[in-house]
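# Descriptive analysis of the structure
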Amino acid sequence: MGPTSTLSGTAPAAGSYQVKLTAEATKDDGSTDSVAEMLSFEVQQQIQVRLSGKLQCFVVDGTSMMGLDHDGIALASAGGGASGGSSSSENNRLDVEVKEGEGEWTAWNDWAKNDGERQDKVSVSISPEGSGMAAKVTMGSVFITGTPAKSGTYQVVATVTSGARTEQSNAVEMRIYDNDKTLAERIADLPEGTASWDMEPYTIAETGNATVPTTLTDIYGSHESGTYGTIGKGENGNFGTETLTIPAGADVTLHNMKVLSSVKIVVEKGAKLTLDDSVAYGTVEVNGGTVSAKNSSSFVGQIVLNDGSTLKDATVVSHANFLSDGNYQVKAPEAPVVVNGNVTFEGANTITGCGITSGSDAQSALVVGKGATVTIPAGSSLVAKGGSVDTTGGNGGAGVKLDGGSIVGEGSLTATGGSVGLGLGNGGAGIGGQGKVGVATVVATGGNIPAAGEGSIGDPSKYKAGDGVAADVAVSQKSDITVAGGQGATPGSSEVAKTYDPDAEGSDPAPSIEKRFRDVDPNAWYAPGVKKVADAGLMRGYSEVSLFGVGASLTRSELAMVLWRYSDPAAEGSYDASAAKNETSLPDVRDGVWYTGAVNWAVANGVMNGYADETGARMAFGPDDAVTMEQLLQTLANLKGASNADEAALSSLIDAENISPWARSAAAWAIQQGVVSGYELPDGTHQLVPGERIARERVATVLSNALEKGIL
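Here we summarise the structure given alongside this text. Counting restarts for each chain, with residues numbered from 1 along the sequence as it is written. In keeping with the predicted nature of the model, local features appear solely for residues at pLDDT of at least 70, side-chain atom pairs appear and are counted solely at 80 or more, and the whole-chain, interface and lining totals rest on all residues. With hydrogens and water set aside, each side-chain value is computed from the structure's full complement of heavy atoms.

### Description of the overall build of the chain
Heads up, the rule is: Only DSSP runs of H or I reaching four residues or more are called helices, and only runs of E reaching two or more are called strands; each is numbered from the N terminus. The globule rule used here is 2.2 Å times the number of residues to the 0.38 power, and the radius of gyration it is set against is calculated over C-alpha atoms. Three labels apply to residues, based on accessible area from a 1.4 Å probe with only protein chains included: buried if under 20% of the type maximum, exposed if over 50%, partly exposed otherwise in between. By definition, residues are in contact when any of their heavy atoms lie within 4.5 Å.
When helices and strands are tallied, the chain shows eleven helices and 44 strands. Relative to a compact globule of 712 residues, whose C-alpha radius of gyration would be 27 Å, the chain shows 38 Å and is clearly more extended. Counting over 712 residues, the chain shows a buried share of 49%. Restricting the contact set of the chain to residue pairs at least 6 apart, pairs at least 24 apart contribute 62%.

Here you go:
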């Protein structure tokens, strides 16, 4: 090898340079020969490389919240990522950027060249080995793929080669967790006094009945709307099996978080929970604490406000009929918010019940239970909107449904009933049910139904638009109230049928019977009986449509409900149909329906026993069967423990021989007590017609007689 030359030093600036290289040699004769050549070279700017962005954490052998496996580019088990599309990718992607000399940071795709002049390359590594993950560069962005195999903290580094230049980027952490800890254990691992926590891993399947520390004020599923962390499980048969408790003294906000239906959130007295762009699929039980919701937070389950609780500056939007976390056995609750006890609605609150496409009733927005009171203070407001039925086959939800409760205070209430798009359903009341409203300002609007000839399905005249205020709702005489019934083939009422003077103790006049029930003729023979049982709360009719049901038969399940309401009003008033199970052993009694609890009570207490075979074994209850007169009298006798009455009393009936043997004593007792006397015929005789399918108004008359005689 011949002699070599080395060029060294520091160029003052990047650019093109030349160097003259001269070689000399001495000949044998002592003379010198020389040769010179000009060599050109380029001096390049120094480069810097960086990775911008961040990687969400991963879970060993886990899958992403979108249900994709780890071969899905960018999503691989990122704990954030629930609603899809690019937002999950954006939160799990790194961008390669290059800075040349004192220039600006430039995206790789804009900087790199691959031509005759330059061949720029980028590669990415993950260290140490064993993560199970791989890094891929696509269009200048780094995506992580694979199946996480081993927990630990790994470093992702990009290396750029451009000509003679080779530089490495900053290292970005990639964290992989074992999915073996509960939320309670993850919280226990936090440094003492932690105030803000980016929850990792971003999916935690079990809470371990966690309690949030009072120092922890913010828990993030992510920092990007549309990308969610998840707590809990969404699977059939697993509803509310674990708790997440917000204790007294805590004030915590859940950001971009999905709390699945296996988790019941409990907010204790003196605690506050705020949902920020988050979803609660299960129950939120508030036991004297405060709940708020903002930034498109939604609820699939129900907020239960118990005594002493506060709803503050909350925008509550229910998606109960359209969102599911996989727990399809859970039915949509009657309303997204239910009140038990005395609670306060502070600030600006909005509650929207979920609508439905067809075939079922939409949600009411708010239900105020028996004896419960909502106070809306001065300067505060509540806007409650019942859900609508898009097409047919269901009733619109009430803006507010009072189940014997009250709404009072110096604030304002705006309540709007849900509409029905194409028919076969009634509009929701603005304020429905039975109770009192005594706020300073009330605006109540009923939901609409189609008008005749508007392309509705079926005969819209058979249905009714929602009343602005139901007939059994008493409104304070001091309230500034605006009422509008819903529009349609049969418009809803725009009147207030019942008012009260809040300064006069006991002032709560009942509305006239024809205003309460539009199918009741106030001059008919049955009107006094209907009024008496309605005033007593035994028979409420179909209050959402202001009908008593004159001429309709009373079913056995309806009779069970009427007598349960009389015998145990507290149990009936707090009844949760969705959780009720058939406890009768009778196969035709359904779980989870409006009558399940009443039938359980009736059978357990021997008030109604169902149908028996020839051996006396009970075979069925017949919940949808019409009640006959002799069944009604036997049921009343069972309720009062009356037996072995003197059957001589039956001699006043010309059809006494038609009474079934099992009902003769009960019929005799009812006649002796003055509960029934039978139909009076033109000749002055009486007949009972014991096997008649008894209409609701006749049942009302019998029950009215029992009330008057002190039997009920």
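### Describing the packing of helix H6 (residues 556-567) against helix H9 (residues 629-640)
How we decide: Each axis is a line fitted through C-alpha atoms, taken for helices only over the stretch in contact, and angles between the N-to-C directions span 0 to 180 degrees. Roughly parallel means an angle under 35 degrees; roughly antiparallel means over 145; roughly perpendicular covers 65 to 115; every other angle is labelled oblique. Rotating anticlockwise by less than a right angle from the far helix to the near helix defines a left-handed crossing, while the corresponding clockwise rotation defines a right-handed one.
One can describe the packing of H6 onto H9 by two numbers: an axis separation of 12 Å at closest approach and a directional angle of 30°. As summarised for this structure, H6 and H9 are arranged roughly parallel, according to the angle between their axes. Like other packed secondary-structure pairs, H6 and H9 cross with a definite hand, here right-handed. Residues Arg556, Leu559, Leu563, Tyr566 and Ser567 of H6 form the contact with H9, whose participating residues are Gln631, Leu632, Thr635, Leu636, Leu639 and Lys640.

### Comments concerning the packing of aromatic side chains
Under the convention used in this document: Each aromatic pair joins two rings of Phe, Tyr and Trp (for Trp, the six-membered one) with centres within 6.5 Å, and gets the label stacked for planes under 30 degrees apart, edge-to-face for over 60, and tilted for any other angle.
Considering all chains together, one arrives at five aromatic pairs under this definition. Relative to tyrosine 526, the ring of tryptophan 525 has its centre 5.5 Å away and its plane inclined at 90°; by these criteria the two rings are edge-to-face. Under the relative-accessibility criterion, tyrosine 526 is labelled buried at 9%. An angle of 90° between the planes, with centres 5.4 Å apart, marks the rings of tryptophan 594 and tyrosine 595 as edge-to-face. Take tryptophan 594: its relative accessible area is 43%, and that puts it in the partly exposed class.

### Describing the side chain of serine 169
By the element assignment, serine 169 lies in the loop between strand S11 (165-168) and strand S12 (172-177). Under the relative-accessibility criterion, serine 169 is labelled buried at 11%. Those residues in contact with serine 169 that lie beyond four places of it in its chain are Val49, Arg50, Leu51, Val157 and Ala158.

### Describing helix H10 (residues 664-673)
Most of H10 is tucked away, with seven of its ten residues classed as buried. Residues of H10 that are buried: Ser665, Ala666, Ala667, Ala668, Trp669, Ala670 and Ile671. Count one or two residues on from H10 and you reach glycine 674, which has phi positive near 80°.

### Concerning the pairing of strand S24 (residues 284-287)
Applied cut-off: Here, strands pair whenever DSSP counts at least two bridges between them.
Only one face of S24 is buried, namely the one carrying Val284 and Val286, since none of Glu285 and Asn287 on the opposite face is buried. Where strand S21 (residues 263-268) meets S24, four bridges bridge the pair, whose relative direction is parallel. Note on S24: the bridge partner recorded for glutamate 268 is asparagine 287. Alignment of S24 against strand S27 (residues 303-305), held across three bridges, turns out to be parallel. Considered in S27, the bridge of glutamate 285 is made with valine 304.

### Quick word on unusual backbone geometry
Cis geometry marks the peptide bond from serine 127 to proline 128; its omega dihedral reads -5°. Following the sequence through the fold, proline 128 ends up in the loop between strand S7 (120-127) and strand S8 (133-138). Positive phi values are uncommon outside glycine, yet aspartate 277 reaches one of about 50°. For aspartate 277, the position within the fold is in the loop between strand S22 (272-276) and strand S23 (279-280). Even without a glycine there, the phi angle at asparagine 295 is positive, about 50°.

### Quick word on the pattern of salt bridges
Here is the rule we go by: Salt bridge, as used here: a side-chain nitrogen of Lys or Arg that lies within 4 Å of a carboxyl oxygen of Asp or Glu.
Using the criterion set out here, one finds 19 salt bridges in the structure. A salt bridge links lysine 27 to aspartate 33, with the nearest nitrogen and oxygen atoms 3.2 Å apart. A salt bridge links arginine 175 to glutamate 173; the nearest nitrogen and oxygen atoms lie 3.4 Å apart. It is possible to trace a salt-bridge network through shared partners that takes in Glu173, Arg175 and Glu200.

### Quick notes on the nonpolar core
Counted only if it meets this: Only buried residues count toward a nonpolar core, which is a set of Ala, Val, Leu, Ile, Met, Phe, Trp, Tyr and Cys residues joined through side-chain atoms within 4.5 Å.
In terms of nonpolar packing, the biggest core is built from 63 residues, with Val284, Phe345, Leu366, Ile407, Leu413 and Ile431 touching the most fellow members. Residue contacts for valine 284: discarding those within four places in its chain leaves Ile265, Val267, Leu273, Val291, Phe299, Gln302, Ile303 and Val304. By size, the runner-up hydrophobic cluster in this structure holds 62 residues, among which are Leu636, Trp669, Val675 and Leu712.

### A short note on H6
Heads up, the condition is: Each residue after the first adds 1.5 Å to the expected span of a helix.
For H6, with twelve residues, the first-to-last C-alpha span of 16 Å sits near the 16 Å given by 1.5 Å per residue. Here H6 lies mainly inside the structure; ten of its twelve residues are buried. For H6, the full list of buried residues reads Arg556, Ser557, Glu558, Leu559, Ala560, Met561, Val562, Leu563, Trp564 and Arg565. Close packing links the buried residues of H6 with helix H7 (569-573), helix H8 (596-604), strand S41 (611-612), H9 and helix H11 (696-708).

### Some remarks on a nonpolar patch on the surface
Inclusion rule: Patch building starts from residues that exceed 30% relative accessible area and form no salt bridge, then joins like charges within 9 Å and nonpolar side chains (Val, Leu, Ile, Met, Phe, Trp, Tyr) within 5 Å. Every accessible area reported is derived by Shrake-Rupley at a probe size of 1.4 Å, with residue values counting cover from the shown protein chains alone.
Nonpolar side chains collect at one region of the surface, where Leu422, Leu424 and Ile457 lie side by side and expose about 210 Å² of accessible area between them. With respect to the helices and strands, leucine 424 occurs in the loop between strand S36 (400-416) and strand S37 (431-445).

### Here's the deal with the environment of alanine 580
With respect to the element layout, alanine 580 can be found in the loop between H7 and H8. Separated by 84 residues in sequence, alanine 580 and arginine 664 place their C-alpha atoms 35 Å apart. Aside from chain neighbours lying at most four places away, what touches alanine 580 is Tyr575, Asp591, Gly592, Thr596 and Gly597.

### Quick look at the environment of leucine 382
By the element assignment, leucine 382 lies in strand S35 (residues 381-385). The exposure class assigned to leucine 382 is buried, which follows from its relative accessible area of 0%. In this structure, the C-alpha to C-alpha distance between leucine 382 and threonine 490, residues 108 residues apart in sequence, is 28 Å. Aside from chain neighbours lying at most four places away, what touches leucine 382 is Phe345, Asn349, Ile351, Leu366, Ile376, Ser412, Leu413 and Thr414.

### Some remarks on the packing of helix H5 (residues 527-535) against H11
Axes are the key here: two packed helices are described by the angle between their axes and the distance separating the axes. Applicable threshold: The classification used treats Ala, Val, Leu, Ile, Met, Phe, Trp, Tyr, Cys and Pro as nonpolar, Asp, Glu, Lys and Arg as charged, and all other residues, Gly among them, as polar.
For the pair H5 and H11, the least separation of the axes is 8 Å and the interaxial angle reads 65°. Relative to H11, H5 is oriented roughly perpendicular. In this structure, H5 meets H11 at a crossing whose hand is left-handed. Where H5 abuts H11, its residues Gly529, Val530, Lys532 and Val533 lie against Glu697, Ala700, Thr701, Leu703, Ser704, Leu707 and Glu708. A class-by-class count of the residues in the contact of H5 with H11 yields five nonpolar, three polar and three charged.

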